[in-house]
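Listed below are the residues making up each chain.
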Amino acid sequence: MSSLRKSSGTQQEIAVSGKEAGGRLDRVLAGHSGLSRTRLKALILDGEVSVGGRTIRDPSRRVNAGDAIVVNVPEPEEAEPAGEDIPLKIVFEDDELIVIDKPAGLVVHPAAGHATGTLVNALIAHCGDSLSGIGGVKRPGIVHRLDKDTTGLMVVAKTDRAHQALAAQFADHGRTGPLKRGYLALAWGAPPRPKGTVDAPLGRHPKSRDKIAVRRDGRASITHWHVLERYPGKGSAKTDAPIASLIECRLETGRTHQIRVHMAHIGHPLLGDSVYGPGFRTKAAQLPPQARDALEGLGRQALHAYLLSIRHPTTGRQLEFRSELPVDLARLHVSLSAPDPPSTSPKKHSRPKG
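A quick note: this is a predicted structure, and the numbers were derived from the prediction, not measured.

**Q** A description of the packing of helix 1 (residues 25-33) against helix 2 (residues 37-45) should follow, citing residues and the corresponding values.
**A** One way to put it is that helix 1 packs onto helix 2 with a least axis distance of 9 Å and a crossing angle of 120 degrees. Comparing the axis directions of helix 1 and helix 2 gives the class oblique. Two packed elements cross with a definite hand, and for helix 1 against helix 2 that hand is right-handed. Facing helix 1, whose interface residues are L25, D26, R27, L29, A30 and S33, helix 2 presents R37, L40 and I44.

**Q** Explain unusual backbone geometry residue by residue, including any values.
**A** For H257, which is not a glycine, the phi torsion comes out positive at approximately 60 degrees. Residue position: H257 is located in the loop between strand 14 (244-251) and helix 5 (258-265).

**Q** Report on helix 4 (residues 160-172), specifying residues and quantitative values.
**A** An ideal rise of 1.5 Å per residue puts 18 Å on 13 residues; helix 4 measures up with 18 Å between its terminal C-alpha atoms. Turning to helix 4, its buried residues number three or more, namely A162, H163, L166, Q169, F170 and D172. Taken together, the buried residues of helix 4 touch helix 2, strand 7 (97-102), strand 8 (151-157), strand 9 (180-188) and strand 15 (303-311). Where helix 4 ends, the next residue or the one after it, H173, has phi of about 60 degrees, a positive value.

**Q** Any chance you could break down the pattern of salt bridges for me, citing the residues and the numbers?
**A** A side chain with one charge can pair with a side chain of the opposite charge if their charged atoms come near. As enumerated under the stated definition, the model contains 12 salt bridges in all. Ionic contacts of the salt-bridge type, sharing partners, join the residues R24, D26 and R37 into one network.

**Q** I'd love a proper account of helix 3 (residues 119-127), names of residues and values included.
**A** Where burial is concerned, most of helix 3 is hidden: 7 out of the 9 residues are buried. When we look at burial in helix 3, the residues that qualify are L119, V120, N121, A122, L123, I124 and C127. Where helix 3 is buried, its residues contact strand 6 (90-93), strand 7 and strand 8. Two or three places before V120, at the opening of helix 3, T118 has a side-chain oxygen 3.3 Å from that residue's backbone nitrogen. Looking one or two places after helix 3, you find G128, whose phi comes out positive at around 70 degrees.

**Q** Report on the confidence of the model for the protein chain, specifying residues and quantitative values.
**A** Of the residues in the protein chain, 86% have a pLDDT of 70 or more, and the chain-wide mean is 86. Highest mean pLDDT in the protein chain belongs to helix 5 (98); lowest belongs to strand 1 (residues 3-6) (42). Here residues 1-9 is a poorly scored stretch, pLDDT under 50, and it has 22 contacts once near neighbours within four places are set aside; other chains count. The low-confidence segment residues 338-345, where pLDDT is below 50, has 14 contacts with residues more than four positions distant or belonging to other chains.

**Q** Residue-level account of the nonpolar core, with values.
**A** In this structure, L119, Y183, I247, C249 and I259 are the most contacted members of the largest nonpolar core, which totals 27 residues. Examining the composition of this core, we find that 4 residues originate from one element, helix 3, more than from any other. When near neighbours in sequence (up to four residues on either side) are disregarded, C249 contacts R181, G182, Y183, T223, H224, W225, I259 and M263.

**Q** Please provide a residue-by-residue account of the packing of aromatic side chains, values included.
**A** A complete count under the given rule lists 2 aromatic pairs for this structure. Ring geometry for F92 versus F321: centroids 5.7 Å apart, planes at 40 degrees, classification tilted. Residue F92 is found in strand 6, and its partner F321 is found in strand 16 (residues 318-322); the two are separated by 229 residues along the sequence. Both residues of the pair, F92 and F321, belong to the buried class. Ring centres of W188 and F280 lie 6.5 Å apart, and the angle between their planes is 25 degrees; this geometry places the pair in the stacked category. Of this pair, W188 sits in strand 9 while F280 sits in the loop between helix 5 and helix 6 (289-298); the two residues are 92 residues apart in sequence, bridging distant segments of the chain.

Each value, and the rule that gives it
- Residues numbered from 1 in each chain as written.
- Predicted model: local features only at pLDDT ≥ 70, side-chain atom pairs only at ≥ 80, totals over all residues.
- Heavy atoms only, no water.
- Axes fitted to C-alpha atoms, helices over the stretch in contact; angles between N-to-C directions.
- Helix = DSSP H or I, 4+ residues; strand = E, 2+ residues; numbered from the N terminus.
- Parallel < 35°, antiparallel > 145°, perpendicular 65-115°, else oblique.
- Left-handed = near helix turned anticlockwise from the far one by under 90°.
- Contact = heavy atoms within 4.5 Å.
- Expected span 1.5 Å × (residues − 1).
- Buried < 20%, exposed > 50% of the residue type's maximum accessible area, 1.4 Å probe, protein only.
- Salt bridge = Lys/Arg side-chain N within 4 Å of Asp/Glu carboxyl O.
- Polar contact = N/O pair within 3.5 Å; in protein donor to acceptor, adjacent residues only side chain to side chain.
- pLDDT = per-residue confidence, 0-100.
- Core = buried A, V, L, I, M, F, W, Y, C linked by side-chain atoms within 4.5 Å.
- Phe/Tyr/Trp six-rings, centres within 6.5 Å; stacked < 30°, edge-to-face > 60°.

Quick look at the structure:
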């Protein structure tokens, strides 16, 4: 077994065992330091970790038996982003976590071009000092995120203990653990089958760094989809190919823009997605008039995170939440005039189960 000795102050020392030889630096540290891999990765990149007296800045570096690793853990700093009085739609909150229903247009954490007005700014104002130092200065408590213009349910950790437990659930993506995430997407056209899976690796677009693309050398990415409704175009007969559809998506991995890229990859980009479906804009003329007006007023991709189910990090209770479509998507959904209601239509926020 490797040993961990906490030195005075904020320094931790680890001796790598033979069993751990060949493991990634961040994973080995996570097993002994009591810190999340997200936090450890940030410390490694910041030059706070050394192996054999040499600073290492590569979280994926493989360790050797007998390596002496030193981790310098700075005292929690005051979060650089300032708290801002931004209204939050809170679905659930206790001492360990908070679940919010994110509106369109709200960026999750500060980044280039969005230094203020983010969810993190709102959380700092709402939660106060409890978020300080959790998960990194600019991403306190964040264990997953939604795109700026994607609406729906998000959970944020309020303690280190909750951050580690939730991060583990999201890393597993519900393959073997309790996490469930469901999205509702309005897409152009409709797959011929009622359900299916997109298994296509994703990585940065070779020509546009702001975009994601299907790439052979990308990271494994899997999306499960299920068609809930099919909508005829303006003046179309029931036997004609649908102009649009309502699709439920479940994630087996959690890559940036995953649903948007995967749906475009199979020929059904999301309505309103100007990044991954620009070639479908002319199809708006085939929509019923009310739907065309609703789409023109949407100004974003038609994607909503309607289902979130997690295991509470301390009580072990399974918590499940559902969110109704926001007003803009609900208007588009109704105007598409589905003949039958969806079999798993979004419900109002439910109380946690368990």
